[in-house]
Structures are given as structure tokens and as C-alpha cells.
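Inside the fold
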Amino acid sequence: MNALLETLRQICGAQHVLTHDDPTTDLSAWETDWRQRVFGKALAVVRPANTAEVAAVVKACANSLTAIVPQGGNTGLVAGSVPDASGQQIVLSLQRMNTVRAIDPDNLTMTVDAGCILHNLQEAAEKAGFLFPLSLAAEGSCTIGGNLGTNAGGTQVVRYGNARELCLGLEVVTPLGEIWQGLTGLRKDNTGYDLRHLMIGSEGTLGVITAATIKLYPLPAARLTAWAAVPSMATAVQLLGMAHQQLGAGLTGFEVMGQFALSLTDKHFPNLRVPLYKDTPWCVLLENSDHESESHARHLFENLLEAAMNAGCVTDAVVAENMSQAQALWQIRESITSAQAQEGLNIKHDISIPISQIPAFVEATDAVLLKEIPGVRLVNFGHLGDGNLHYNVQAPQGQDDKVFVREMEDRVSTLVFESVARFKGSISAEHGIGSQKVDKLPRYKDPVALGMMRSIKQALDPQNIMNPGRVIR
Ligand code: FAD
Ligand code: MLT
Ligand code: ZN
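Residues numbered from 1 in each chain as written. Chains lettered and ligands numbered in written order. Predicted model: local features only at pLDDT ≥ 70, side-chain atom pairs only at ≥ 80, totals over all residues. Heavy atoms only, no water.

Throughout the structure, instances matching the rule amount to 15 salt bridges. Glutamate 6 is paired through a salt bridge with arginine 9; the nearest N and O atoms lie 3.9 Å apart. Of the two residues, glutamate 6 and arginine 9 are both situated in helix 1 (residues 2–12); the distance of three residues between them amounts to about one turn of the helix. Residue class for glutamate 6 comes out partly exposed when judged on its relative accessible area of 38%. Exposure remark for arginine 9: the relative accessible area of 24% places this residue in the partly exposed category. Taking the shortest distance from any N to any O, the salt bridge between glutamate 171 and arginine 101 comes out at 3.1 Å. Of the two residues, glutamate 171 is situated in strand 8 (residues 167–173) and arginine 101 in strand 5 (residues 100–104); the sequence distance between them amounts to 70 residues. (Salt bridge = Lys/Arg side-chain N within 4 Å of Asp/Glu carboxyl O. Helix = DSSP H or I, 4+ residues; strand = E, 2+ residues; numbered from the N terminus. Buried < 20%, exposed > 50% of the residue type's maximum accessible area, 1.4 Å probe, protein only.)

Written out as C-alpha cells, the structure reads:
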């Protein structure tokens, strides 16, 4: 191992190979997952500066059969970006690779290093007069490499799609240390298997994404946000249908939030002032992006909300008057995860169900859980426009959260996933499988699909050094 560390130091420079041998270096930020559920121990944290260094690091690890865990912002929620406890795995951090390589305005693309922070890319796009629409609450620290590695979703998928739909090309270091130059920027390219789509969502198990060519869009003339109280999940789905009809491509966000989820935000972030939630089981946050004008956007929104009220889908609503009010409403939505974390350890589920089935799914699954664990608190929110719910479970009031999670997680997740399967949904909508769901996946994934996944992994990474134990075993 000392020989490997010496080689890595020669490749990246000694100051970019961090180990536990140096007592002044604290590696815990790279070794602990965002949810503080997994505490790993790395052989070293390696921070290459460019693609050639990544390739050399991977080759050195392949030669010594050393496992590599690619890491971007370490905001993943399924424990896929931290090393195991063996002290034998390398964390390959892309953080130093953070340059926007090129912007091509006529091609509507931007080519960027994998370690660029998502928020910085949104700003770079805007500075050039464009929109890069990927948006999620972790955007201040997650990286585009991690977003593509997980095929992240977020709050704009209803209009622009997942990270996958926003990527035209990739540069990847393979598990053998070769560099695949696939930064084409082409919108049409039918020259065989689509390796870009194979890499996207592979969670670091098939290679290291070092750069990407991503799509840009015109900036809308106005973005308006509304917050509506709805009497049931069924009426929230009805409102979604009306919003699609009346706003068309202008509908860029449609988020649902349960009353208990909002009460946690109110409790832990009282200065955010959550509107309208106390007398209704659900609230919906809608965004309308308009390419004409703000008054056009407002007119469409007001018509929609009036029609929804007449149809009994909405009981009360507010439309943000200006950008800062809109940001405040989004901040409430995006603070739910942190509020829930502050309430205590919890059991997370990131599921998708056909949108038409969501009301029946929620009713059935709530009933099963409340029967099994009287008093259990359900923190339900998510991207209803995409059929994606964060169906999270918190200990009954007064119960020790750590004991609850330790003793109940497997049982609770099995109940939820069985219900998801009955409704023909997916046990991971946008967060991925990581190490957290790797043992659950075989029960819910088609066996032929699993077999093909194993064959692909074996073919591309025969030594099983790329993020082993994640996604599939
Ligand atoms: P990391 O956490 O570092 O890594 C995630 C996975 O990708 C790991 O398996 C890792 O090995 C792999 N990986 C990282 N970089 C690379 C690379 N360059 N090449 C190959 N593989 C790589 N996710 C959503 O989809 N939608 C949301 O709305 C959302 N909201 C969130 C809100 C909060 C508050 C938090 C904390 C997380 C949220 N997430 C959400 C989860 C997380 O932010 C995303 O999964 C994000 O895409 C991870 O990016 P990252 O750079 O932090 O990746
Ligand atoms: C979100 O939509 O806020 C995230 O995916 C985070 C979560 O599930 O907690
Ligand atoms: Zn989400």
C-alpha cells in the first residue's frame, strides 16, 4: 500500500493525497455521508487536478487492485459516495476539477469539469444569457459529476427532465484507466450503444465522469411561483392536470408537501413563515416560467387558480409578488429535508409511482404503516409533477429516534417497497441505490435486467474496483 500511496503522490502532488498518517488532517468530511448514517475509513483521499491525473490514479489503483470511491459534493442520500470501514478504499474527489471549459451559444451547450458545483454552473449559464435548469436543494455543494453519476432529478424535471436529459456528452475514465472522449455536444448520434446513458446513473460503478457537455436553454422572461392549499392528494393530482392543460410548457415546477412535513419546517425554521398549511392536509408549490412577460405569466396563473378553486381542487392560494417572495416559498420547500434531519434520525424513501396511482398509494401505505406502528409520523413531500414522493417515516413522538431506526428500518422499508411494487412503482426515483438499497434491489428489479447489469459491470470493471458493493453485488 505504501508503494501505491507513493505513486499517487507522484501523480497528484503529496498535498493532494490525504491520509490518516498525518494527525493534523481530518478526513471525516469525505468519510461520512450527508445523513450521518455511515462512517467509513479511507486509505487515502486523492484529489487530482485534471483528467490525465484521474486516469493515472485509476491505473495505479487497478494495478494494485485497490477500490476507488468517486466523490463529488458528498451530498448523496444513499451512502454511495463514502468508503467502507476497511481503510483500504481510495476516495477519488473531483472537487479540484471545477472549470467551465467552454460555452457554445449557438449549439446551446456548456462543457464543464465534473467537479463544478451545480450552483456555479447555473450562474455561469445565466451570465452567458442562458438557463441551466437542473435545480435541487443541495445545489450549493453537489457537483455536476455527482448529478450525472446519480441521474439527479430535483424540482424542474416536470419541464426539463432529469440530469440524463440535460447531458449530450461525457468524458469518462474507465476502470482500466483509459480516457473515453465523448464530449460531442451532438443531439443526434446513432452510432451504436449509447455509452453516455450507461454511465449516467451508474453511481461511480462503471467509471469516473471527468467532464460533461450539458444543454442550455433560453432564460424565461418571467418565473412566477404560487402556493396552494389542496384538500386531498387526489385534488393535488387534479390540479396538476389542470396546470399541464393551462400552462403547457410554462409549468416548470409542481411540488407537493404534507402538513406534517411543513409543520417540521415551521418548527425548526420559524423565520421562514410557512403559509396556509395549518388547515389543510397538503400544500402545492407551482412554478410558471413564461417566455412572454410577467403580466402574461400572472394572468395565466390567476386563471388557473380561479378555475381550480371553482373545481374544488384548491381551497386557498397565494402568488408570489416578486422574486424574493418566490425564493422564500422555494426555501420552505427546500428546507424540509434539513427540518426532518433536525427532528431526528428517520427512514427515507425516494419512490416513484404512476401519477394517477399516487392518491391510492398514499392512502393504502399510510394505513399499513399506521396499523403496524401506531403513532408513526409520516413526512411526505416531493416532486408530484414527476410522480416522485419522498415518503419518509419518523419515530412516534417521544420514541428514541436511533432505536426506532435501528429496530424498524428494515421492516418499515419492506412495507413501503411492497406497496410500491403493488402500485408498479420504483424503489428509487432520483437518489439512486448506493449501498443503502443494494440488498433490496434484487427483490424489486426484473431478474433479466439485473443479469444484464451484472454482465455490464463484469465486462467494464472485471476487477470490481469501481465503487464495489454499490448498485449491484
Ligand atoms: P456525491 O454524493 O459525491 O456522489 C453521489 C454518487 O455519485 C456516488 O455513488 C459517487 O460515487 C458518484 N459520483 C460522484 N461523482 C462522480 C463522478 N465524477 N463520476 C462518477 N461517479 C460519481 N437528489 C435529487 O436527485 N433530487 C433532489 O431534489 C435532491 N435534493 C437533495 C437535497 C438535499 C438537502 C440533499 C443533502 C441531497 C439532495 N439530493 C437530491 C441528493 C444529492 O444531492 C444528489 O444525489 C446529487 O446528485 C449528488 O451529487 P454530489 O456531487 O454530492 O455526489
Ligand atoms: C428533495 O426533494 O428535497 C430531496 O430529494 C431530498 C430528500 O429526499 O430529503
Ligand atoms: Zn427530491
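The five strands are arranged 5-6-10-8-9 in an open sheet whose pairing can be described as antiparallel. The sheet is open, and its two edges are formed by strand 5 and strand 9 (179–182), each paired on a single side. Across the sheet, the mean angle from the axis of one strand to that of its neighbour is 15°, orientation sign disregarded. Two strands pair when backbone bridges link them, and strand 5 and strand 6 (residues 109–113) are joined in this way by four bridges, in the antiparallel orientation. (Pairing = 2+ DSSP bridges. Axes fitted to C-alpha atoms, helices over the stretch in contact; angles between N-to-C directions.)

What follows covers the site of ligand 1. Every one of the 34 residues lining ligand 1 counts as a neighbour, but Pro70, Gly72, Thr75, Gly76 and Thr143 are closest to it. One of the backbone N or O atoms of glycine 146 is found 3.4 Å from an oxygen atom in ligand 1. The side chain of threonine 150 places a nitrogen or oxygen atom 2.9 Å from an oxygen atom of ligand 1. Protein burial of ligand 1: of its 980 Å² of free accessible surface, 96% is covered by the chains. (Near = heavy atom within 4 Å. Polar contact = N/O pair within 3.5 Å; in protein donor to acceptor, adjacent residues only side chain to side chain. Areas by Shrake-Rupley, 256 points an atom, 1.4 Å probe, with all protein chains shown as cover.)

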